[in-house]
Each structure stands twice: as C-alpha cells, then as structure tokens.
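Listed here are the chains, written in short residue letters.
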Amino acid sequence: MAAAATAAAAAASIRERQTVALKRMLNFNVPHIKNSTGEPVWKVLIYDRFGQDIISPLLSVKELRDMGITLHLLLHSDRDPIPDVPAVYFVMPTEENIDRMCQDLRNQLYESYYLNFISAISRSKLEDIANAALAASAVTQVAKVFDQYLNFITLEDDMFVLCNQNKELVSYRAINRPDITDTEMETVMDTIVDSLFCFFVTLGAVPIIRCSRGTAAEMVAVKLDKKLRENLRDARNSLFTGDTLGAGQFSFQRPLLVLVDRNIDLATPLHHTWTYQALVHDVLDFHLNRVNLEESSGVENSPAGARPKRKNKKSYDLTPVDKFWQKHKGSPFPEVAESVQQELESYRAQEDEVKRLKSIMGLEGEDEGAISMLSDNTAKLTSAVSSLPELLEKKRLIDLHTNVATAVLEHIKARKLDVYFEYEEKIMSKTTLDKSLLDIISDPDAGTPEDKMRLFLIYYISTQQAPSEADLEQYKKALTDAGCNLNPLQYIKQWKAFTKMASAPASYGSTTTKPMGLLSRVMNTGSQFVMEGVKNLVLKQQNLPVTRILDNLMEMKSNPETDDYRYFDPKMLRGNDSSVPRNKNPFQEAIVFVVGGGNYIEYQNLVDYIKGKQGKHILYGCSELFNATQFIKQLSQLGQK
C-alpha cells in the first residue's frame, strides 16, 4: 500500500510541480516559503510570449503580486528604466531575445538581472551575454543565470501541451507535409524533444519509452532516448539526480511514456463531441484555459429608447480552482445544464435566507417575539454574513457557467450537433445507420458546411470498404452543393491509400449512445436552458484507439496492435533495438504523448478510463491542442498540394 501512496505523491501533479518551479524562479531561485511574514522583495517580471503562455494558465495576477511582482512586461515592449528594482527574466534563448537583454544591460534599466531561460541556453549565446555585460560594465548586476527547463504548458493536473507560440512549427501539417526536407523534419523533432525533455526534468523521472514503428513518434522516441541518455551519462551535470528529484518518490517504478502518432486515429479529432470541456473547445474560442465569448447584451436593462448595445467580448478563465468546472468538465452536456440549474436554485435559496434574516433584524424591539428571535438569529446572521464572500464566488461561477453553457447550447441547437454526435458514434462503432449519410449532407438545416465535411471524413476514414467512384462522386457533389471545401478529402484520400498499405484502420469498438428521453427537469419552463429538441445522449465508456494502445502497454497485454512497439530504456547502458520489454510488471504511471496534435476528447477518454484503475495515474500530452476547425484547416492545406 505504501507503494501506492507514494505513487500518488509522485504524481503530485505536473501542474503543481511546474507551479512550484515557477514560484521558486520568481523568488530568485530560492525555494518559496509560504509562511514567511516579511514583505516580499518587490521586483519586475520580464517575459516573452512563450514565458507568458507558460505562466498564465498557472499563476493569476494576484498570485504574482503576492510573490512581489509589481509589473509584468513583455521583453519586446517599450520599457522604462526602473533603476532600483531587480528584474526577473523568463524567456526563450533566441537570438533576438538575447540581443534585447544585452540592450537592457547597456541601458542599465534595472538594479539587478536574474536571467531565466525557458529552455537550455547554448554556450555561445551565454558568451554573448557575458560580453555585453562586460561592455556595459554591468557584470555585478547580472545576479544569476538559470536554465529552467520549463518549456511546456500545463493546462490541467494531468494534461500538458508543448507550445502555443509558433505551434505551426510542430503542427500535424508540418510533420505530414509531402515536401518536407530532412533538415526541416530534424528541426521539428528537436523542438518536440526539447519540450519533452523539459517535461521529464520537471517531473523528475526518467521514463521507459514505447512507440509505434515507422512514424514521427518513433523519430521523437529515438531522439528523446538519446538526449536523456546523454544527460544521465554526464553524472556531474545530470538533471536527474538526488535532491532535484524529490528522492525516493520513483524508487519503485518509473513512468511509462507512450508516444503515439496522430495518424493512428484521424477520426477522433474530427468527431463532434458531447462532453462539456470538449464541446467548449469545439464550438467556442477556448485557449490556454480561457474562453472568449461574444455576448450580445440585450436592451432590457438600458433606459427606454436606448440603442441595443453592440456585442461585447467577455473572457472567462476555466481553472482547476473552479469546483463546478472540475466536477463537470467531463460530463455529458445535458447533465451540465441540469447541474447549473441546480446550483442556481441552491444559491437563490441561500440568498433568500440572508434577506429574510435582514428583515427580521429590522423589526422594532417592542415585540417580545422578535426579541427572543433576535438572540437566536444573531448567530444565524453572523454565519450568513461570514458566508457572503463564498456566496459571491458561487454566484460568479454560476454566472460564468450559465453564460458558457448557453453559448454552447446555441451552437448545439443551431447546428444539430446532437444528431451529428450520435450519427458519428454509430459510424465509428460500425452500427447500422438509421438514415442515409446523403440525407444529412443535403439537409440545409443540419450544421455548417464544416460539420458536414467532418461527418463525411469520419465516414470515409472509418469504412473498411471505400465508397465506389460513382458513390464518391455523388457524395462530392452533395458536399459541394452544401458549400464544403473538398481539399481535406483530397488529403484523407491519399492518407487512406497510404495507410491501407501499412495497416488496417483503427477500430473504435462498439459504443452505443442511448437517447434517454429528455430530462423532465430541464424541460421545466423555470430552467434557463431550453433543451427542447436536444437529445439527451448518455455515454457508454468506450476506449478510443489512443486509450486502447495505452491500456495494452500499461497493463502489459499482448495485442497485435502494440506488440511490435519499440522499447527504449534510457537508463540501460547499451541501447538495444528491441520490442521486448524487460519490465514485465504493469505500470502505475503513464504519460501518453500524441505527436501531431491532440484534443480534449482523447484526454477525457483517458481520464474516464483511469478512473476505474485503483492507484494509477495518467498524463496526456500533445504537440499542439487543436479543435476540429483548426484540424480541418490543416488537412485542407495538405490537400491543396
């Protein structure tokens, strides 16, 4: 049992570990102590866009201020000198960043400089900084230079993505371009490996690596194995020793890293989804845990005759602190709508209680009854008042989710997303279809041209027998009439012809969604969500290809799908090229990393899968996080060639 408990501690989520590392950096690279009473040292934080993306999902402005950060500025913005303040830099070691830092030194902008590089800086660039510091006679001011190895973005306790700036460098399109040169491919792979290396340094563990053969994932595995190996060899400078590791946490078992290639499953990223977080990502503008909504504010609360206000943009952070989000991000949408409604009702009840107490307190003192009620109620009122901040926070979350869920619901209704979801599930699980694909494609009310394209691509990817040329022409005509761009189909056609030679398509098992007759509750007119006509589909847990591959490798099951996956152990002295795992025990921790982009549908599927496994942990990572719209765009660019 001790082992399981420590395994849980070891998985002190990657989110916590990265947050701790950032706080230590902001504290001049000294571990941050919570209970020190003294004022923090006031300082400025200078970051580039990469640094900003890493910090923003993890630390709020308030937390930064608590750490003594009075100002946070972009490196390449016009900054005024603040000569009596230390500056903490958190940037990528790129040419232009280094030039700008040298310029800061020459202009003597700050009192002292703590230079932190997101990813390791090369010797030659370090010398450039040293020379600039000498020239500006600012050597004494450069207090510390650190490689932070934090070049990845953590979005959830168990989810990370490599980068957000220039993500097109490592996108699905970049990896699968037919005209990519070897050197370009090397650069893409090095970028991915650098981030993964940072991830493992932060996690403090050397993984055992498994990957499929003949894919980009294999190239990543080979390079990562080499990089980890070289670092472990160099004992003096190894990043995986003793104290940095929180020693003893991983002493029983190392995590498994499963590298999969996006090409094993192109249907899931196109799939219409039914769970809250994945829907938000699919239909709204949801980015690094922040959702941007355009709200059309009505005329109701403006003075008579006023013009209706224009749409104003609102953005909300959906963070792990948000209890409702944590609880429901994986729930089917109708359930979410119902829960928001329940929360609202319980909030109103609490609010009414506070109002009632206030009115009693206002009673005249003559009345005997009121006096006796007073003493009883003072206690109640005190507790009511002390729960006010909590109440307000609850109100904020309810408003937030009411707005977000309403926005999602509008899309579901306007585009008949429930119909698409159910139909695609049937296609992917090879169930008999109740109405023809052509009908949906030609129905002008069902969805946008893009929805139709997604549906058809899923059908095309999932069928064993590709439709005959005549049928295909008929589908193409219907799609064109519906306003679809056929480029993505061009690419998928080539892709399918190519993978057919390589292997049979991934099967999606047989999932069934059972429509449950609408919830009478949500149909109540009092509800804010008019769910009329939206099917209440309930999901049956069904493993997607990525989850299935993980399950085989983590539980050491023999399966033709994964038996020839390569096996790397960076700690072994001699690298050997075998698929025979030395370790025969099932793993407790695993990281699944998708080369070529991931999505919240797979993430949710893994989360649901691991719920049933006692004491096991999974992390999901991907080279970029895209929704179907962004993915279709990449497929379309690939199809233009």
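Below is a summary of the structure that appears in this document. (Residues numbered from 1 in each chain as written. Predicted model: local features only at pLDDT ≥ 70, side-chain atom pairs only at ≥ 80, totals over all residues. Heavy atoms only, no water.)

**Overview of the packing of helix H8 (residues 182-203) against helix H9 (residues 216-233)**
Part 1: Put simply, H8 and H9 touch, their axes get as near as 9 Å, and they point 55° apart. If you check the angle between H8 and H9, you find them oblique. Relative to H9, the crossing made by H8 is right-handed. Counting all contacts with H8, which are made through Met185, Glu186, Met189, Asp190, Ile192, Val193, Asp194, Leu196, Phe197 and Phe200, the residues of H9 involved are Ala216, Met219, Val220, Lys223, Leu224, Lys227, Leu228 and Asn231. (Axes fitted to C-alpha atoms, helices over the stretch in contact; angles between N-to-C directions. Helix = DSSP H or I, 4+ residues; strand = E, 2+ residues; numbered from the N terminus. Parallel < 35°, antiparallel > 145°, perpendicular 65-115°, else oblique. Left-handed = near helix turned anticlockwise from the far one by under 90°. Contact = heavy atoms within 4.5 Å.)

**Remarks on unusual backbone geometry**
Residues apart from glycine generally show negative phi values, whereas peptide bonds are mostly found in trans.
Part 1: The phi dihedral of Ser137 is positive, around 35°, even though this residue is not glycine.
Part 2: Examined against the element boundaries, Ser137 turns out to sit in the loop between helix H6 (123-135) and strand S5 (142-147).
Part 3: Residue classification places Ser137 among the exposed positions, given a relative accessible area of 59%.
Part 4: Here the phi dihedral of Tyr149 falls at roughly 50°; this positive angle occurs in a residue that is not glycine.
Part 5: By secondary structure assignment, the location of Tyr149 is in the loop between S5 and strand S6 (153-156). (Buried < 20%, exposed > 50% of the residue type's maximum accessible area, 1.4 Å probe, protein only.)

**What about the pairing of S5?**
Along a regular strand, successive side chains alternate from one face of the sheet to the other.
Part 1: Here five bridges tie strand S4 (residues 110-117) to S5, and the two strands are oriented parallel to one another. Bridged to Tyr113 within S5 is Val142.
Part 2: Taken together, S4, H6 and S5 constitute a β-α-β crossover, and its handedness is right-handed. (Pairing = 2+ DSSP bridges. Right-handed = clockwise from strand over helix to strand, strands pointing away.)

**Points about the pattern of salt bridges**
Part 1: The tally for this structure, following the rule as stated, stands at 29 salt bridges.
Part 2: In this structure, the salt-bridge partner of Arg262 is Asp265, at a minimum N-O distance of 4.0 Å. Comparing Arg262 with Asp265 shows no difference in burial state: the two are buried.
Part 3: In this structure, Glu555 engages Lys616 in a salt bridge whose closest nitrogen and oxygen atoms are separated by 2.9 Å. In this pair, Glu555 sits in the loop between helix H21 (545-554) and strand S15 (566-568) while Lys616 sits in the loop between helix H22 (600-611) and strand S17 (617-622), placing the two residues 61 residues apart along the sequence.
Part 4: A cluster of three or more residues bridged by salt bridges with shared partners is formed by Asp282, Arg415, Asp451 and Arg454. (Salt bridge = Lys/Arg side-chain N within 4 Å of Asp/Glu carboxyl O.)

**Notes on helix H2 (residues 14-26)**
Along an α-helix, residues three or four apart share an orientation, since each turn contains 3.6 residues.
Part 1: Between its first and last C-alpha atoms H2 spans 18 Å; for 13 residues at 1.5 Å apiece the expected length is 18 Å, and the two agree.
Part 2: Among the 13 residues that make up H2, 10 are buried, leaving the element largely enclosed by the rest of the structure.
Part 3: Taken together, the buried positions of H2 are Ile14, Arg15, Arg17, Gln18, Thr19, Ala21, Leu22, Lys23, Met25 and Leu26.
Part 4: Once H2 finishes, Phe28 follows within two positions and takes phi at roughly 60°, a positive value. (Expected span 1.5 Å × (residues − 1).)

**A few points about the sheet that holds strand S2 (residues 69-74)**
Part 1: Taken in spatial order, the five strands line up as S2-S1-S3-S4-S5 in an open sheet, and their pairing is parallel. Both edges of this open sheet fall to S2 and S5, since each of them pairs with a single strand only. In this sheet, adjacent strand axes meet at a mean angle of 20° when their direction is disregarded.
Part 2: Packed on one face of the sheet, H2 meets strand S1 (43-47), S2, strand S3 (82-91) and S4 and runs near 155° to S3.

**Some thoughts on a negative patch on the surface**
Part 1: Residues Glu95, Glu96, Asp99 and Asp128 make up a contiguous surface patch of negative charge.
Part 2: Element by element, the count of residues in the negative patch is highest for helix H5 (residues 95-106), at three residues.
Part 3: Positionally, Asp128 belongs in helix H6.
Part 4: For Asp128, a relative accessible area of 37% gives the class partly exposed. (Patch = residues over 30% accessible without salt bridge, like charges linked within 9 Å, V, L, I, M, F, W, Y side chains within 5 Å. Areas by Shrake-Rupley, 256 points an atom, 1.4 Å probe, with all protein chains shown as cover. Lys, Arg positive; Asp, Glu negative; His and termini not counted. Charge placed at Lys NZ, Arg CZ, Asp CG, Glu CD.)

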